[in-house]
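Single-letter residue listing:
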Amino acid sequence: MDRPESIESAIEISEVEKNFPAPPKPTINYRKTLPPLPPPSPLAESSAANQNGDADSIRDSSTSSTLESLLEALGNNGKDVKLSFEAPGTRERPPRPISKDPPRPATAATTVTTVTTSSTESKRTIKYGTGKHSNIELSPQPSEDPEDPLNWPLWKKHLNLLALLSMVTLVGVMKTAYISVNSVIAISEDVSYTAAVALTAVPLMLSAASGMASLIIARICGKRPVYLVSMVMIFWGVVWNTNVRGNLAENMAARVFQGLGWGAFDTLVLGSVHDTYFEHERQYVIIIHYAVSVATMLGSPLLGGVASAGPRMFETQFEILSAFLSVSILLIVFGAPETTYDRVLETDAPTPTIRRSQSLLPTVTYTKVAAMEYIAKMKPWSYKASEINIPLIIQAPRAMLAPTNILLLIVTILPYAGFWGLASSLSLLFSPLPFLLSSSNLGALMTGPFLLATPVGVALALPSVQSRFMPTTHLGTLAIGTAVASIGMLGFGLYLAGSMQMPADGSVGPFSTPWNLGFLEERVSLPVASFLLGLLAAGSLALNATIRPIIQRSTAFTSANLAVCLRNTADMHGGLACLRNLITGAFILGLPNAIFAWDGLRDTALSMGITQIGITAAVCGVYWYWDENVRRLDGLVMGLIDLSELKRPASFFDTD
């Protein structure tokens, strides 16, 4: 049974002091400071004091002796102790002493009321948004320069975005322009099917090289010169492609020019978005860019097949592209200024004076003078790096080879490249007997991928989904994406190969082949084939949904500040796009030889589906056990960690 509190507190303080003398007082006081003692109750009125003077004097002496004993036991030794018995209202209460306890971690409900007056405190004024975003701290913090892309009016930002997205749209259409006409080109040019698909594979692989070159040159000269040169090459290739029928060499040359121009718009657009939009504006802009890129690549064969059904075949597509490209050229020249900007924030800057307009329309006077002033600002080349050195040049290649990028490439490339390889081989599978599909019908086979994959890719890219991206969510997305992609890949190959097998009941003559058996066409449902191809595309985009959050987590872990983080994010995305384009081009070029026979299609589908399952299991294990180590390796590969700072310092106990 515990003793009552009153008995425990009755121990004499003097006895404790005799048995346990206080240690000598250190030079630095580490003792926690006790709060000040509350003042005693106010004294009674003078009339009452006269009546009870003796009792009050006894009580005062008793109280003073008790307090002096308590202070002496606590280490003050009764020296210089002055007790005040004034009323609370007669003087100001002393401030609460500062606690020497370590600060506890903040929570969502923690309210910070401490005001710091340290001499090392930053004097920079924090800038906030305008309008409905007036309570949002701007990130990145803009400068006071009106030419800073972050300070552009909203209409100028959107005009720049529109110009870039128009080129992204046209590039997506060009990449898949030949999906529905590969067999027509092979027959009309009297070449192999591999030579026909090379018109898609070769420019795609060249875009990988030009994309990496664009990242390097943009770091030195800015993005606008790269956009302009790439646009000129694309325009030259598209115009040339309108009159190359009957000459495969000229067709390839025109496609090479297009491929060299694709790279810049595959790798630099995300960096331009980072340059011009704040964090609270950027998320939905990135989604729009991603949705436009996916929708145009998956949906353009639907219209391209119809446009190529006429007498001019695929040349009709490029005539239409030339018309839209003329509009995009005007937008790039007059609506896409330089966005690369070296932002230097002054620590002692005055109150912000720049007002960022939220108007969607320009508020300028439409005069000749105003037009000339606007055109004068649209210089072809207006940026140059302050210092050009080897570390600056190899930033983008380092980011491309970061371990996080390699893991993302390994886990996403097989469904992605496999889908585009099978899509480019649709003409090989369905143009001959017994199907004899036209270019418009071949384009219709892409309906399943367009309807299934586009919503999945856009939905998984929404901020509401990306914000919930945790390690378990990451692994679950990889597992589900791999399952869907493997079902689509295995289903497409096994369904077509099984349906095209010769009957084993002896009802077919010994000299019959699958190509002269019309009833085999009835055993294959084209909508089912399109649906299975759509599952493969949806699984591929589900795996792609893990790319952006994983790269953001890596750059946030390794980057010293926000500017470096945004730069590394754009470089890693661009480097990964280059690697994927290179490998996808190789798949498009080599897959037709592997699936020329139906048995080859079955074996290829089995090997790719099973391999993807094994790869995903291995990558999930790496992320589960060595996730942080992978991010540390990212910092080493990209040169963001100085190894000289990691040397073990000399110990206090080491001797010479």
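All of these numbers come straight from a predicted model, not from anything done at the bench.

So, on to the packing of aromatic side chains. Counted according to the given criterion, the structure contains eight aromatic pairs. Note on tyrosine 178 and phenylalanine 318: the rings are 5.9 Å apart at their centroids and 65° apart in plane angle, and the pair reads as edge-to-face. In this pair, tyrosine 178 sits in the loop between helix H5 (154-175) and helix H6 (182-189) while phenylalanine 318 sits in helix H12 (residues 315-335), placing the two residues 140 residues apart along the sequence. Note on accessibility: tyrosine 178 and phenylalanine 318 belong to one class, buried. Look at tyrosine 227 and phenylalanine 265: their rings are 5.3 Å apart centre to centre, the planes differ by 20°, and that puts the pair in the stacked class. On the criterion of sequence distance, the pair formed by tyrosine 227 in helix H8 (residues 224-241) and phenylalanine 265 in helix H9 (residues 248-267) is long-range, its members being 38 residues apart. Exposure remark for tyrosine 227: the relative accessible area of 4% places this residue in the buried category. Note on phenylalanine 265: relative accessible area 3%, which makes it buried. Taken together, the aromatic side chains of Tyr178, Phe314 and Phe318 make up a single cluster linked through ring pairs. A cation sits over an aromatic face here: arginine 255 above tyrosine 178, 4.6 Å from the ring centre. Above the plane of the ring of phenylalanine 557 lies arginine 631, whose end atom (NZ or CZ) is 4.9 Å from the centre.

All right, on to the packing of helix H21 (residues 471-499) against helix H23 (residues 526-544) then. Close contact between H21 and H23 brings their axes to 7 Å; oriented N to C, the two are set at 155°. In terms of their interaxial angle, H21 and H23 are classed as roughly antiparallel. At the point where H21 passes H23, the crossing takes the left-handed sense. Considering only residue class, the contact of H21 with H23 consists of 16 nonpolar, seven polar and no charged.

Moving on, we come to the confidence of the model for the protein chain. When pLDDT is averaged along the protein chain, the result is 80, and 72% of the positions lie at 70 or above. Confidence drops under a pLDDT of 50 for residues 104-120, and excluding neighbours within four residues, the segment shows two contacts in the predicted structure. Within the model, pLDDT remains below 50 along residues 509-519, and this stretch shows 17 contacts once partners closer than five positions in the same chain are excluded.

The biggest cluster of nonpolar side chains holds 108 residues, and the ones touching the most others in it are Ile234, Ile332, Trp420, Phe430, Phe492 and Leu496. With twelve residues, helix H16 (residues 403-424) is the largest single contributor of residues to this core. Tryptophan 420 has contacts with Thr176, Ile179, Met297, Leu298, Met446, Thr584 and Ile588, leaving out every residue within four places of it along the chain. By size, the runner-up hydrophobic cluster in this structure holds seven residues, among which are Leu165, Leu270, Val285 and Ile286.

Cut-offs applied
- Residues numbered from 1 in each chain as written.
- Predicted model: local features only at pLDDT ≥ 70, side-chain atom pairs only at ≥ 80, totals over all residues.
- Heavy atoms only, no water.
- Phe/Tyr/Trp six-rings, centres within 6.5 Å; stacked < 30°, edge-to-face > 60°.
- Helix = DSSP H or I, 4+ residues; strand = E, 2+ residues; numbered from the N terminus.
- Buried < 20%, exposed > 50% of the residue type's maximum accessible area, 1.4 Å probe, protein only.
- Lys NZ or Arg CZ within 6 Å of the ring centre and 35° of its normal.
- Axes fitted to C-alpha atoms, helices over the stretch in contact; angles between N-to-C directions.
- Parallel < 35°, antiparallel > 145°, perpendicular 65-115°, else oblique.
- Left-handed = near helix turned anticlockwise from the far one by under 90°.
- Nonpolar A, V, L, I, M, F, W, Y, C, P; charged D, E, K, R; others polar.
- pLDDT = per-residue confidence, 0-100.
- Contact = heavy atoms within 4.5 Å.
- Core = buried A, V, L, I, M, F, W, Y, C linked by side-chain atoms within 4.5 Å.

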